[in-house]
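Residue-level listing of the chains:
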Amino acid sequence: MSDTMVNMELIHADNLTPDQVMLGDLIKVSDDIVEVLFIESDSTGDNYDIQTQNEFGEKEVTQYSYTDLIPLYVFIDEE
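Residues numbered from 1 in each chain as written. Predicted model: local features only at pLDDT ≥ 70, side-chain atom pairs only at ≥ 80, totals over all residues. Heavy atoms only, no water.

(A) Molecular detail of the overall build of the protein chain. Scanning the protein chain from terminus to terminus reveals zero helices and six strands. Reading the protein chain from its N terminus to its C terminus gives the helix and strand order β-β-β-β-β-β. For 79 residues, the compact-globule estimate of 2.2 N^0.38 gives 12 Å, and the C-alpha radius of gyration of the protein chain, at 15 Å, exceeds that figure by more than 25%. C-alpha atoms of the protein chain, sized along the principal axes, occupy 55 × 25 × 25 Å. Within the protein chain, the fraction of its 79 residues that count as buried is 23%. For the protein chain, long-range pairs separated by at least 24 residues make up 45% of all intrachain contacts whose partners lie at least 6 apart in sequence. As displayed, the protein chain offers around 5800 Å² of accessible surface, 46% of which is attributable to carbon and sulfur atoms. (Helix = DSSP H or I, 4+ residues; strand = E, 2+ residues; numbered from the N terminus. Rg over C-alpha atoms; globule rule 2.2 N^0.38 Å. Buried < 20%, exposed > 50% of the residue type's maximum accessible area, 1.4 Å probe, protein only. Contact = heavy atoms within 4.5 Å. Areas by Shrake-Rupley, 256 points an atom, 1.4 Å probe, with all protein chains shown as cover.)

(B) Fine view of the side chain of Thr 62. Within the element layout of this structure, Thr 62 appears in strand S5 (residues 59–65). Note on Thr 62: relative accessible area 17%, which makes it buried. If near-sequence neighbours (up to four positions away) are discounted, Thr 62 is found in contact with Val 29, Tyr 48, Asp 49 and Ile 50.

(C) Structural view of the nonpolar core. Within the largest apolar cluster, 10 residues are counted, these being Leu 16, Val 21, Ile 27, Val 29, Val 34, Val 36, Ile 50, Tyr 64, Ile 70 and Leu 72. For this core, the elements supplying multiple residues, two or more each, are strand S2 (26–29), strand S3 (32–41) and strand S6 (70–77). Those residues within four positions of Val 36 in sequence are excluded, and the remaining contacts are Val 21, Met 22, Leu 23, Gly 24, Asp 25, Ile 27, Ile 50, Gln 51 and Thr 52. (Core = buried A, V, L, I, M, F, W, Y, C linked by side-chain atoms within 4.5 Å.)

(D) Molecular detail of the sheet that holds S6. The strand order across the open sheet formed by six strands is S1-S6-S2-S3-S4-S5, and the pairing between neighbours is antiparallel. Two strands lie at the open edges of the sheet, namely strand S1 (8–16) and S5, each paired on one side alone. Strand-to-strand, the axes of this sheet are offset by a mean angle of 45 degrees, without reference to chain direction. In this structure, S2 lies alongside S6, joined through two bridges in antiparallel fashion. The partner of Leu 26 across the bridge, within S6, is Tyr 73. (Pairing = 2+ DSSP bridges. Axes fitted to C-alpha atoms, helices over the stretch in contact; angles between N-to-C directions.)

This is a description of form; function is not addressed.
Laid out in structure tokens, this is it:
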């Protein structure tokens, strides 16, 4: 069996409102692409706290308003 290396490219796919973000999504916070670990909204649904983790395992909570747009990133195969 031969080993193959798959080239994956990280691209900007869409802009999401906080209520569209899902656990495991890759989003851009500041200048970093991070993974979503936890999402919580307040009782009014106007504010969202999203906990993320970067590639070094550092966790951070960012607060968003329901009207904010969050850049979503995905990996695609380069063929």
